[in-house]
Amino acid sequence: MPRSKFGDIYRDLKTRIEDGEYPYQSLVPSENTLVSVYGCSRNTVRRALAGLIEAGYVQPIQGKGVRVLYRPATKSPFTLGRMESFHETAMRCRTHYETRVVHFSMTQTDSALAAASGFPPQADVYHVERVRIVEGRALILDVSYFLRSVVTTLTPEAAADSIYAYLERELGIQIMTSKRTITVERATADDRLYLDMGSFDCLAVVSNQAFDSNGILFEYTVSHYHPEYFRFQDTASRRTKKTD
């Protein structure tokens, strides 16, 4: 699947912001400058900037330009509020990490899983469980199900690397939307088995449903985060009401 020009510009600007080339509170180069640098149309630049605005990296300032809002996370690299893979998060934060696949199988959804996930009953799914090890500590347990009618092939090797990269590059799946629910729950026997819980007896639990470009639910993942290394961050804009 060919890469879009505005997508390449978006990723390049995002990397430059994360690397500090365009630091917090600075202004990114003007549209005219970016058009010249990237050899593209003004509309292409605007689409790339719109993506950065939506991601909370920048904010347009009338009469001045586009100001950088991004600051690196200081408490934890695991920031919820953006749609990126664990691999992408670890690379962005320059964190040493490892993914250990502790379960990989093909199964069908029973009534309980269908109700929790949103998949149809008796749907064929891949069942994958992965432990995320960061700086030598086992901090996240991901329990995932992928709908086989969409994710037609999947391997343990892809699961140990980056499933999202495999879906996008190898299968051409366009990952579009994520719906998440966050709860705090007591640690399970599996959490104590796989994670470095220490004296903690509870975790942050994020249930995630991911949809492709056709609006089809293809992934249901429940992630158990060690409480010392969980951080929620979101970006919101206030819409002011017009008064008469």
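Computed from a predicted model, the values in this text were never measured in an experiment. (Residues numbered from 1 in each chain as written. Predicted model: local features only at pLDDT ≥ 70, side-chain atom pairs only at ≥ 80, totals over all residues. Heavy atoms only, no water.)

### Concerning the confidence of the model for the protein chain
Residue-level pLDDT values for the protein chain average 88, and 84% of them are 70 or greater. Averaged pLDDT values for the elements of the protein chain fall to 57 in strand β3 (residues 79-80) and rise to 97 in helix α5 (residues 111-117). (pLDDT = per-residue confidence, 0-100. Helix = DSSP H or I, 4+ residues; strand = E, 2+ residues; numbered from the N terminus.)

### Some words on the side chain of Thr221
By secondary structure assignment, the location of Thr221 is in strand β9 (residues 217-225). A polar atom in the side chain of Thr221 sits 2.8 Å from the side chain of Ser144. One polar contact links Thr221 to Glu219, side chain to side chain, over a distance of 2.6 Å. Residues in contact with Thr221, not counting those within four places in the same chain, are Asp142, Val143, Ser144, Val206, Ser207 and Asn208. (Polar contact = N/O pair within 3.5 Å; in protein donor to acceptor, adjacent residues only side chain to side chain. Contact = heavy atoms within 4.5 Å.)

### Comments concerning the sheet that holds strand β8 (residues 202-212)
Reading across the sheet, the six strands line up as β4-β5-β6-β9-β8-β7 and stay open at both edges, with antiparallel pairing between neighbours. Sheet topology places β4 (97-108) and β7 (175-186) at the edges, where each strand pairs with a single neighbour. Taken over all neighbouring pairs, the strand axes of this sheet differ in orientation by 15° on average, direction set aside. (Pairing = 2+ DSSP bridges. Axes fitted to C-alpha atoms, helices over the stretch in contact; angles between N-to-C directions.)

### Describing the packing of aromatic side chains
Inspection of the entire model under this criterion finds two aromatic pairs. Aromatic side chains Tyr57 and Tyr70 sit 4.7 Å apart centroid to centroid with 15° between the ring planes, which places their arrangement in the stacked category. In this pair, Tyr57 sits in the loop between α3 (42-54) and β1 (58-61) while Tyr70 sits in the loop between β2 (65-68) and β3, placing the two residues 13 residues apart along the sequence. Taking the relative accessible area as the measure of exposure, Tyr57 reaches 1% and is therefore buried. When its relative accessible area of 10% is taken as the criterion, Tyr70 is described as buried. Between Arg71 and the ring centre of Tyr24, over which it is positioned, the NZ or CZ distance is 4.9 Å. Directly above the aromatic system of Tyr126 lies the positively charged group of Arg148, at a separation of 5.3 Å from the ring centroid. (Phe/Tyr/Trp six-rings, centres within 6.5 Å; stacked < 30°, edge-to-face > 60°. Buried < 20%, exposed > 50% of the residue type's maximum accessible area, 1.4 Å probe, protein only. Lys NZ or Arg CZ within 6 Å of the ring centre and 35° of its normal.)

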